[in-house]
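Here's the letter readout for the chains.
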Amino acid sequence: MTDPGGITNLDKKDPFADVGEEQEDTAQKEDIHIRIQQRNGRKTLTTIQGISQSYDLKRIIRVVKKQFHCNGTVIMHSEYGEVLQLQGDQRKNIKQFLTSIGLATPEQIKVHGF
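Predicted model only: the values in this text are computed from it and were never measured. (Residues numbered from 1 in each chain as written. Predicted model: local features only at pLDDT ≥ 70, side-chain atom pairs only at ≥ 80, totals over all residues. Heavy atoms only, no water.)

Structural notes on the pairing of strand 1 (residues 32-38)
- Where strand 1 meets strand 5 (residues 109-111), three bridges bridge the pair, whose relative direction is parallel. Looking across to strand 5, one finds that H33 is bridged to K110.
- Pairing geometry for strand 1 and strand 2 (residues 44-49), over six bridges, is antiparallel. Paired with H33 across the strands is Q49, a residue of strand 2.
- Here strand 1 folds back onto strand 2 in antiparallel fashion, the turn holding five residues, of which G41 has a positive phi close to 65°. (Pairing = 2+ DSSP bridges. Helix = DSSP H or I, 4+ residues; strand = E, 2+ residues; numbered from the N terminus.)

Quick look at the confidence of the model for the protein
- The predicted model of the protein has a mean per-residue pLDDT of 84, with 76% of residues at 70 or higher.
- Within the protein, the element-level pLDDT minimum falls on helix 1 (residues 17-21), averaging 58, and the maximum on strand 2, averaging 95.
- Every residue in residues 22-26 is under pLDDT 50, and counting partners more than four places away or in other chains gives six contacts. (pLDDT = per-residue confidence, 0-100. Contact = heavy atoms within 4.5 Å.)

Some details on the packing of aromatic side chains
- The full count for this structure, using the stated rule, is one aromatic pair.
- Taking the centre distance of 6.1 Å and the plane angle of 80° together, the rings of F68 and F97 count as edge-to-face. Of the two residues, F68 is situated in helix 2 (residues 57-68) and F97 in helix 3 (residues 91-100); the sequence distance between them amounts to 29 residues. The pair F68 / F97 is uniform in exposure class, with both members buried.
- Here the basic side chain of R35 rests over the ring of Y80, its NZ or CZ set 5.8 Å away from the ring centre. (Phe/Tyr/Trp six-rings, centres within 6.5 Å; stacked < 30°, edge-to-face > 60°. Buried < 20%, exposed > 50% of the residue type's maximum accessible area, 1.4 Å probe, protein only. Lys NZ or Arg CZ within 6 Å of the ring centre and 35° of its normal.)

Some thoughts on the pairing of strand 3 (residues 72-77)
- Relative to strand 4 (residues 81-87), strand 3 runs antiparallel, the two being bridged by six bridges. When the sheet's bridge partners are listed, M76 is paired in strand 4 with E82.
- Following strand 3, the chain reverses through three residues before pairing antiparallel with strand 4.

Description of the packing of helix 2 against helix 3
- Put simply, helix 2 and helix 3 touch, their axes get as near as 12 Å, and they point 125° apart. Relative to helix 3, the element helix 2 lies oblique. Once helix 2 is placed against helix 3, the crossing between them reads as right-handed. Each of I60, V63, V64, Q67 and F68 in helix 2 lies in contact with helix 3, whose residues at this interface are N93, I94 and F97.
- Here the residues of the contact of helix 2 with helix 3 are counted per class, giving six nonpolar, two polar and no charged. (Axes fitted to C-alpha atoms, helices over the stretch in contact; angles between N-to-C directions. Parallel < 35°, antiparallel > 145°, perpendicular 65-115°, else oblique. Left-handed = near helix turned anticlockwise from the far one by under 90°. Nonpolar A, V, L, I, M, F, W, Y, C, P; charged D, E, K, R; others polar.)

Structure (structure tokens):
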């Protein structure tokens, strides 16, 4: 019963395990800006800009999508570089998430909008 039918992806893995070991060397030095954009009607987008390139943004967005039950993507912006984009108003959630995983301090996170 140690191998349930040959499925080996049932192990619990921390997606930020390798980031936590290197956190002292690659700590976030810049501010992270969280903005909200109005789409149409009541629809909104939350954008997160300024996360260091040393972090894997695709892994971060994957965990955020599962935790907040929303859709999201990483887009390439001509001025800001790689920007995380989430559906809905996720400003409070993403601020709490970034501080809880130790990616940034609350003083480094700037929330904009409304």
